[in-house]
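Below, each chain spelled out in residue letters.
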Amino acid sequence: MNLLEINSVTKAFGGLLAVNRMNLVIEQGKIYGLIGPNGAGKTTLFNIISGFYKPESGDIFFAGENVTYLSSDQLCHRGLVRTFQMPKMFPEMSVIDNVLIGALSRTKRVGLARSEAEEIINFLGMGQKKDTLAGSLRVHELKRLEIAKALATKPKLFLLDETMAGLNAVEQNQMIDLLKKVHDSGVTLFVVEHVMHVVANLCEHIVVMNYGEKIAEGRPQEVLKNEKVVKVYLGEED
Amino acid sequence: MNKRDIFSYKLMIGIFTLILFLIIPFFVGDYLMQVIVFAFITSYLCGAWNIAGGYGGLFSFGHAAFIGIGGYTTAVLLLYYGIPGWMGMLLGGLLSACLGWLLSWTICRFRIRGFYFAIGAMLVAELLMAIVVRTRYLGRGMGITFPPIDKPFNFQFIGIVPYYYLALVFVCLIILVAYLIERSRLGWYLRATRQSEEASSALGINVTRMKVVSMTLSAFLTGVGGGIYVLALRFCSPYDVFGIMFSVTLMLGTLLGGRATVFGPIVGTFMLTAVKEGLTLAAEAVGGVSSFALVLVVWGIILCLVAKYLSKGIVPWVTDKLLKISLLKGKEEIV
Amino acid sequence: MTLELVIRALINGILLGAIYGVLGMGFSMVYGIVKLPNFAHGAFAMWGMYALITLEKYTKIGPYPGFIFVLLVFFVSGLFIYKYMFKYILNIEHEMQIVFCLGLMIIFSNLAIIFFGPTSHLLTVQWLEKIISFGDIALKTATIVGASVSVIFVILIHLFFAKTETGKAIKACADNRRGALLTGLNVEKMYAIAIGISVACSGIAGLALAPLIPIHAGVGFEYAILACLIAVLGGAGSMGGALVAGFITGLLLSFQQILYDLSLAICILYGIMLVILMFRPTGIFGTR
């Protein structure tokens, strides 16, 4: 079954069409990528899917259910969760407490949630920092925490918004391995990225947006050689 | 020493204090008894405020509205219709809860924040006061006076001692409620909501529901507290129960003691009471100065100082210092 | 409801409105320029009233000639209040700012009780008690004088902000604090002056209202709330809005006072304000 179906979704801000009749299908089990130049509407699309914006028209189906007008917390319960480009965490709580909040979406029992949180922290290699205050973490650790929190909600579909931003080459490779590990545990990933080699390395299927519209879609090898795509990036070759 | 040890320390101190308080009435005179009883009731009310203002992050400047509703419901039902005090208190609590629910839902729906929320809350209390002052049925500005009757089933007692134990029960109750909240999923969700609404939403927390629940619960408990207050005072005056100073007392006590802590409201209230009694003694000794006004001036100063320098409150400050000392000690041992 | 009642309510409302307008303007000034919700604003009005009483009882200068001196004192007090108090709370939590100002108001109100006692005073000045009649419509001189003084002050303030260098500089600080700093404006001084003027506004409102109402320490809180309400109605931060809102409030209260009584009028006013807070908290000319 298709996990996520986006049908003709349009979002306008005043006179500006940020997303224009977007159609997209995401199948369970794969890693999808979303690329496009700045201002193409990628984050806006993410915001619409994850319940922060409501589209002007079109609808979105998740696991067969119409979720177009649901809020982000309702979506989280159904298994759709996202991370933010600028990590949003709870600065005055420790790492494990941050993840605990995520785990609490699946169980009322605090003790049980805490042990699940601990498992996830170890799974993602953050065991050392478990009691550190989130507000004092460094960027790449924050990104890891973002993922940990979201993972604790046991998602089916995981939307990741520019996870690589602000990471150096070593950290990026670590992150790629991490994401592959997350995917292997059974989560479908939908990733927005600017860094081309990451997208090529990680994703099985890529969607390209420009000016709010989809201009290409397919496997990385095909898409990245597509004329339209290359033009859009003004001849950026990898 | 770690967090768990500090907790056991606190528990021990708490139990010790409780035993102490149980035997106090045998050793203490009437005036001091009055002071302690109302300190207990105010502690309870601060604790109730804390659920919305501290844990819930909804800093309410108008909680007197709930005290007033609870107080008047109890007074009217008891004195006009013979309905027992405890029933009146519960009904008063329910009515307050309704108002609390309505208010918090409105705040969330219309996104009323910060200053607008503050003035709105104050306005609600003032409006209720203005309405009561005009209503003959409710005693207008003169308020409702309770005759000195002894009917324990109604929660009407002649002496102060029964109210003492009643108030003590209330304090223990609010401590229990706060403790349970802190440990529950609700408590964690409220903490998360206070720190980041967006992050909370993304993790499945219905922020609106959190706010509504905390405000409604707080309103209920405050309303019930209003009932016991007027019963113990045997007087229900609109300028008192709906007054801004009552709202301020709840805020000040909790702020001073520590928002979103179990014992903060109680510690804060007792400190303020100590200051108040001390100043009253001093003013009477010097003579010629209105002790009432002097106390309020000092409270105003405390309010300003706390707002600027100690907005976390005393209990967290002390806990922090204790933790730091223990961490330092720990380091020394390793070295 | 006779015609002359309506006309009387109308004129009274406009006159009162001018006074309320100046009160609200002071609040909006601080909220708009320094971004501080000065809940103690009404307390200064109260002190203005007490100042007049002191002048009247203990000095040879009548209260009104003396009021210029009072205004200067208020302006300077405002400068000090900024320098030694408000400056330090600009960066604390928003709720704590409100708490702080509330604390100030409690201090001021109760200091008034300590110095002047808890009972009400009435300001009686001979020539203000006279009633001027236009046909069948009677107005207290006090109201007319109060309103005139307020209007003059409002015009002066407008000229200050629109025409003088300092005034324009202050507006610049309000619009863009960082930009103002970068262009070398002494933002601290600008803020201080703004607050000085605001306190003077409150003082003027107090002076104007003094002959009209019984003066007691609770007045501080009442007018603090009223100032907030007027400012919110007009759009907190908008001085022009506050002025308009002042007139609206004055008319509202005046009509209701004549139709029923003051206490009901206040109930209705509060009720209306609550509804406005819900549906349009940014007020009429809201900027935030």
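Just so it is clear, the model here is predicted, and its values are computed rather than measured.

S.K.: Explain the overall build of chain C here, please?
M.R.: A tally of helices and strands in chain C yields 12 helices and two strands. Its helices and strands in sequence order give chain C the pattern α-α-α-α-α-β-β-α-α-α-α-α-α-α, from N to C terminus. Taken against the 2.2 N^0.38 rule, which gives 19 Å for 288 residues, the C-alpha radius of gyration of chain C at 19 Å falls within 12% of a compact globule. Once the C-alpha set of chain C is aligned to its principal axes, its extents read approximately 60 × 45 × 35 Å. Counting across all 288 residues of chain C, residues that qualify as buried make up 51%. A sequence separation of at least 24 residues applies to 81% of the contacts in chain C between residues at least 6 apart.

S.K.: Please clarify how the overall build of chain A should be interpreted in this entry.
M.R.: From N to C terminus, chain A includes nine helices and 10 strands. Relative to a compact globule of 238 residues, whose C-alpha radius of gyration would be 18 Å, chain A shows 18 Å and is just as compact. Out of the 238 residues in chain A, the part that is buried amounts to 45%. Considering only contacts within chain A whose residues lie at least 6 apart along the sequence, 66% involve residues at least 24 apart.

S.K.: How do you make sense of the domain arrangement of chain A when you look at a structure like this?
M.R.: Residues and elements named next belong to chain A. Here chain A is partitioned into domain 1 (1-79 + 155-238) and domain 2 (88-153). Once you take the C-alpha centre of each, domain 1 and domain 2 turn out to be 24 Å apart. Each partner contributes to the interface: domain 1 provides 11 residues, whereas domain 2 provides nine residues. Counting residues per element, the side of domain 1 that touches domain 2 draws most heavily on helix α6 (residues 169-184), which supplies four residues. Class assignment of the residues belonging to the side of domain 1 that touches domain 2 gives a composition of seven nonpolar, three polar and one charged.

S.K.: Even after reading the chapter, I still don't get the environment of Val 207 of chain A, so can you show me in this structure?
M.R.: All names here are of chain A. Among the structural elements, Val 207 can be located in strand β9 (residues 205-210). Taking the number of C-beta atoms within 10 Å as the measure of exposure, Val 207 has 25 and is therefore buried. A C-alpha to C-alpha distance of 15 Å links Val 207 and Gly 39, two positions 168 residues apart in sequence.

S.K.: Even after reading the chapter, I still don't get helix α5 (residues 114-134) of chain B, so can you show me in this structure?
M.R.: It helps to recall that an α-helix has 3.6 residues per turn; residues three or four apart then point in one direction. Here α5 of chain B spans 31 Å end to end across 21 residues, near enough to the 30 Å set by a 1.5 Å rise per residue. Here α5 of chain B lies mainly inside the structure; 18 of its 21 residues are buried.

S.K.: Quick question: what am I supposed to make of the nonpolar core here?
M.R.: It is characteristic of soluble globular proteins that their nonpolar side chains tend to be buried jointly. Core analysis: the largest hydrophobic core is formed by 280 residues, its most contacted members being Leu 23, Met 105 and Ala 194 of chain C. Counting residues per element, this core draws most heavily on α5 of chain B, at 16 residues. Each of domain 1 (1-79 + 155-238) and domain 2 (88-153) of chain A gives at least three residues to this core. Here Leu 23 of chain C is in contact with Ala 45, Cys 201, Ser 202, Ala 205, Tyr 223, Leu 226, Ala 227, Ile 230 and Gly 246 of chain C, once residues within four sequence places are set aside.

S.K.: Please clarify how the interface of chain B and chain C should be interpreted in this entry.
M.R.: The interface of chain B with chain C comprises 36 residues on the first partner and 37 residues on the second. Going through the elements one at a time, α5, α11 (244-257) and α13 (291-309) of chain B are the ones with two or more residues in the side of chain B that touches chain C. The element that contributes the greatest number of residues to the side of chain B that touches chain C is α5 of chain B, accounting for 15 residues. Split by residue class, the side of chain B that touches chain C holds 27 nonpolar, six polar and three charged.

S.K.: Is there a simple way to explain the packing of helix α2 (residues 30-55) of chain B against α11 of chain B in this structure?
M.R.: All names here are of chain B. Following both chains from N to C, one finds α2 and α11 inclined at 80°, their axes separated by 8 Å at the closest point. Taken together, the axes of α2 and α11 lie roughly perpendicular to each other. Of the residues in α11, those in contact with Thr 42, Leu 45, Cys 46, Trp 49, Asn 50, Gly 53 and Gly 54 of α2 are Thr 249, Leu 250, Met 251, Gly 253 and Thr 254. Split by residue class, the contact of α2 with α11 holds five nonpolar, seven polar and no charged.

S.K.: I tried to follow the pairing of β9 of chain A on my own but got confused; where do I start?
M.R.: Residues in a regular strand project their side chains so that they alternate between the two faces of the sheet. Residue and element names in this part refer to chain A. Of all six residues in β9, five are buried; the element is thus mostly enclosed. Relative to β9, strand β3 (residues 31-35) is paired through four bridges, and the arrangement is parallel. Each residue of the ladder has a partner; that of Leu 34, found in β9, is Val 207. In terms of strand pairing, β9 meets strand β10 (residues 213-218) through five bridges, oriented antiparallel. Considered in β10, the bridge of Ile 206 is made with Gly 218. Taking the residues that link successive antiparallel strands as the turn, the β9-β10 hairpin has two residues, and the phi of Tyr 211 there is positive, at about 50°.

S.K.: Would you mind showing me how to read the packing of helix α6 (residues 141-163) of chain C against helix α9 (residues 187-209) of chain C here?
M.R.: Working note: a packed helix pair is described by the angle between its axes plus the distance between those axes. Residue and element names in this part refer to chain C. For the pair α6 and α9, interaxial distance at closest approach is 8 Å and the crossing angle is 165°. As far as their axial angle goes, α9 and α6 are roughly antiparallel. Note on packing geometry: the crossing formed by α6 with α9 is left-handed. On α9, the residues that touch Gly 146, Ala 147, Val 149, Ser 150, Phe 153 and Ile 157 of α6 are Ile 197, Ile 204, Ala 205, Leu 207, Ala 208 and Leu 209. Along the lines of polarity and charge, the residues of the contact of α6 with α9 split into 10 nonpolar, two polar and no charged.

S.K.: So what exactly am I meant to see when it comes to the arrangement of the chains here?
M.R.: Ranking the two pairs of chains in contact by contact count places chains B and C at the top. Between chain A and chain C there is no contact, and the shortest C-alpha to C-alpha distance separating them is 16 Å.

S.K.: How should the sheet that holds strand β2 (residues 16-27) of chain A be read in this particular structure?
M.R.: All names here are of chain A. Here we have four strands laid out as an open sheet, ordered β2-β1-β4-β5, and antiparallel in their pairing. Strands at the two margins of the open sheet, each flanked by one partner only, are β2 and β5 (65-66). Bridge count between strand β4 (residues 57-62) and β5: two bridges; the pairing is antiparallel. Of the residues in β5, the one forming a bridge with Phe 61 is Asn 66. On top of the sheet, helix α1 (residues 42-49) reaches β1 (2-13), β2 and β4; it is set at about 65° to β2, its chief contact.

S.K.: Got a minute to help me understand the interface of chain A and chain B in this structure?
M.R.: Interface size is commonly expressed as the accessible surface area that is lost when the partners come together. The interface of chain A with chain B comprises 21 residues on the first partner and 16 residues on the second. With four residues, the single largest contributor to the side of chain A that touches chain B is helix α2 (residues 72-78) of chain A.

S.K.: Hey, could you run me through helix α12 (residues 262-279) of chain C in this one?
M.R.: Here α12 of chain C is 18 residues long and its end C-alpha atoms lie 26 Å apart, about the 26 Å a rise of 1.5 Å per residue gives. Taken residue by residue, α12 of chain C has Ile 266, Cys 267, Leu 269, Tyr 270, Met 273 and Leu 277 of chain C as its buried positions. All buried residues of α12 of chain C lie within an arc of 165° about the axis, which places them on one face of the element. Those residues of α12 of chain C that are exposed and angled more than 90 degrees off the buried face are Val 275 and Phe 279 of chain C. Elements in contact with the buried residues of α12 of chain C: α5 of chain B together with α10 (219-234) and α11 (239-259) of chain C.

S.K.: How do you make sense of the pairing of β2 of chain A when you look at a structure like this?
M.R.: Residue and element names in this part refer to chain A. Where β1 meets β2, eight bridges bridge the pair, whose relative direction is antiparallel. Bridging from a neighbouring strand, Phe 13 pairs with Leu 16 of β2. Counting the residues in the hairpin turn of β1 and β2 gives two residues, including Gly 14, whose phi is positive at 65°.

S.K.: Would you explain the sheet that holds β10 of chain A in this entry?
M.R.: Sheet strands associate in pairs through backbone hydrogen bonding, adopting either a parallel or an antiparallel arrangement. Residue and element names in this part refer to chain A. Reading across the sheet, the six strands line up as β6-β7-β8-β3-β9-β10 and stay open at both edges, with mixed pairing between neighbours. Every other strand in the sheet has two partners, leaving β6 (80-82) and β10 as the edge strands with one partner each. Recorded for the sheet is a direction-independent mean angle of 20° between the axes of neighbouring strands. As defined by bridge partners, β6 adjoins strand β7 (residues 157-161) across three bridges and the pair is classed as parallel. Within the sheet, the bridge partner assigned to Val 81 lies in β7 and is Phe 158.

Conventions adopted
- Residues numbered from 1 in each chain as written.
- Chains lettered and ligands numbered in written order.
- Predicted model: local features only at pLDDT ≥ 70, side-chain atom pairs only at ≥ 80, totals over all residues.
- Helix = DSSP H or I, 4+ residues; strand = E, 2+ residues; numbered from the N terminus.
- Rg over C-alpha atoms; globule rule 2.2 N^0.38 Å.
- Buried ≥ 20, exposed ≤ 12 C-beta atoms within 10 Å, placed from the backbone.
- Contact = placed C-beta atoms within 7 Å.
- Domains from an automatic or database assignment.
- Nonpolar A, V, L, I, M, F, W, Y, C, P; charged D, E, K, R; others polar.
- Expected span 1.5 Å × (residues − 1).
- Core = buried A, V, L, I, M, F, W, Y, C linked by C-beta atoms within 7 Å.
- Axes fitted to C-alpha atoms, helices over the stretch in contact; angles between N-to-C directions.
- Parallel < 35°, antiparallel > 145°, perpendicular 65-115°, else oblique.
- Pairing = 2+ DSSP bridges.
- Left-handed = near helix turned anticlockwise from the far one by under 90°.
- Arc of directions from axis to C-beta.

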